Amino acid sequence: SNMAVNLTDLSLPQLEGLKTQLDQEIEFLTSSIGQLKVAQTKYVEAKDSLNVLNKNNKDIQYMLFLDVTSSQMYVPGTLNDVEHVLVDVGTGYYVEKNVEDSKAFFKRKIDFLTKQIEKIQPPLQEKHAMKQAVIEVMNAKIQQLQQSQQASQMVGTTKA
């Protein structure tokens, strides 16, 4: 429903309810952006790690880090194929790709996630602005209430 509601027409409890709803939506959108950024970082790191795979590093000796259910150990290894890697394409499937294809794959993933983050940011900013407006109206209504209470107390004391 795209009906415009004048915030000043709402009661304090209604405004409180709206603020709670906005808080939840803001929290959801913020955590969504957070999760997308975590995924994006993983793809960026994966893409960067492919830079190690070049002709200069072929047959290089290195220490391979193994994490076997947290009893960690290092074993010596040799980098003998710098052309191909196994890429986790999701749901436990690994596909052998050459390094350039893999970089392109990660770049597509990074670009896709960037677009998703960019889609979420405007509604998030909108909700923040709405929440700010709701808080201002609530504060104004609370002030009005306090003033009218003070006024009625003043009237009460003059009768005595």
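Residues numbered from 1 in each chain as written. Predicted model: local features only at pLDDT ≥ 70, side-chain atom pairs only at ≥ 80, totals over all residues. Heavy atoms only, no water.

The protein chain has the name Prefoldin subunit 5 in an unreviewed UniProt entry, where Monopterus albus is given as its organism. On record in UniProt, under Sequence similarities (unreviewed entry), the comment for the protein chain is "Belongs to the prefoldin subunit alpha family." Under the UniProt heading Function (unreviewed entry), the note attached to the protein chain is "Binds specifically to cytosolic chaperonin (c-CPN) and transfers target proteins to it. Binds to nascent polypeptide chain and promotes folding in an environment in which there are many competing pathways for nonnative proteins. Represses the transcriptional activity of MYC." (UniProt positions renumbered as here; feature names shortened; annotations may be inferred.)

Enquirer: Please set out the overall build of the protein chain residue by residue, giving values where relevant.
Expert: The helix and strand tally for the protein chain stands at 2 helices and 4 strands. Start at the N end of the protein chain and walk to the C end: the helices and strands fall as α-β-β-β-β-α. Counting every position in the protein chain, which comprises 160 residues, the buried fraction comes to 22%. Restricting the contact set of the protein chain to residue pairs at least 6 apart, pairs at least 24 apart contribute 57%. (Helix = DSSP H or I, 4+ residues; strand = E, 2+ residues; numbered from the N terminus. Buried < 20%, exposed > 50% of the residue type's maximum accessible area, 1.4 Å probe, protein only. Contact = heavy atoms within 4.5 Å.)

Enquirer: Lay out the layout of surface pockets in plain terms, naming residues and giving numbers.
Expert: Regions of empty space are outlined by a rolling probe, equal in size to a water molecule, passed over the atoms. The space that makes up the second largest pocket amounts to roughly 160 Å³. The wall of the second largest pocket is formed by Val 5, Leu 7, Leu 10, Leu 18, Gln 21, Leu 22, Glu 25, Lys 127 and Met 130. Of all the secondary structure elements, the ones that give two or more residues to the lining of the second largest pocket are α1 (12–49) and α2 (99–159). Residue contributions to the lining of the second largest pocket peak at 4 residues, all from α1. (1 Å grid on protein atoms, 1.4 Å probe; cavity = no way out; pocket = protein on both sides within 12 Å on 5 of 7 lines; lining within 4 Å. Points joined across faces, edges and corners; volume = space filled by probe spheres on them.)

Enquirer: How would you explain the environment of Ala 104 if you had to name every residue and give the values?
Expert: With respect to the helices, strands and loops of the structure, Ala 104 is situated in helix α2. For Ala 104, a relative accessible area of 34% gives the class partly exposed. Linking Ala 104 and Lys 47, residues 57 residues apart in sequence, is a C-alpha distance of 8.7 Å.

Enquirer: Account for the pattern of salt bridges, naming residues and giving values.
Expert: This model, assessed by the stated rule, comprises 4 salt bridges. Across the pair Asp 23 and Lys 131 runs a salt bridge whose closest N-O atoms are separated by 2.8 Å. With a gap of 108 residues between them, Asp 23 in helix α1 and Lys 131 in helix α2 connect regions that are remote in the sequence. A relative accessible area of 22% places Lys 131 in the partly exposed class. Residue Lys 127 is joined to Glu 25 by a salt bridge in which the shortest nitrogen-to-oxygen separation is 2.7 Å. (Salt bridge = Lys/Arg side-chain N within 4 Å of Asp/Glu carboxyl O.)

Enquirer: How would you explain the environment of Asp 111 if you had to name every residue and give the values?
Expert: Along the polypeptide, Asp 111 turns up in helix α2. Among the residues examined, Asp 111 registers a relative accessible area of 31% and is labelled partly exposed. Among the polar contacts made by the side chain of Asp 111, one reaches the side chain of Lys 107 at a distance of 2.7 Å. (Polar contact = N/O pair within 3.5 Å; in protein donor to acceptor, adjacent residues only side chain to side chain.)

Enquirer: Requested: an account of the confidence of the model for the protein chain, with residues and values cited.
Expert: Considering every residue of the protein chain, the mean pLDDT works out to 80; 71% of them sit at 70 or more. Summarising per-element confidence for the protein chain, the mean pLDDT is lowest in strand β1 (residues 60–68) (53) and highest in α1 (92). (pLDDT = per-residue confidence, 0-100.)

Enquirer: Quick rundown of the packing of aromatic side chains? Include the residues and the values.
Expert: Tallied over the full model, the rule gives 2 aromatic pairs. Measuring from centroid to centroid gives 6.0 Å for Tyr 43 and Phe 106, while their planes differ by 40 degrees, and the two rings are tilted. Of this pair, Tyr 43 sits in helix α1 while Phe 106 is found in helix α2, placing the two residues 63 residues apart along the sequence. The exposure class assigned to Phe 106 is buried, which follows from its relative accessible area of 9%. Taken together, a centroid distance of 5.5 Å and an interplanar angle of 65 degrees make the contact between Phe 105 and Phe 106 edge-to-face. Grouping residues by exposure puts Phe 105 and Phe 106 together as buried. (Phe/Tyr/Trp six-rings, centres within 6.5 Å; stacked < 30°, edge-to-face > 60°.)

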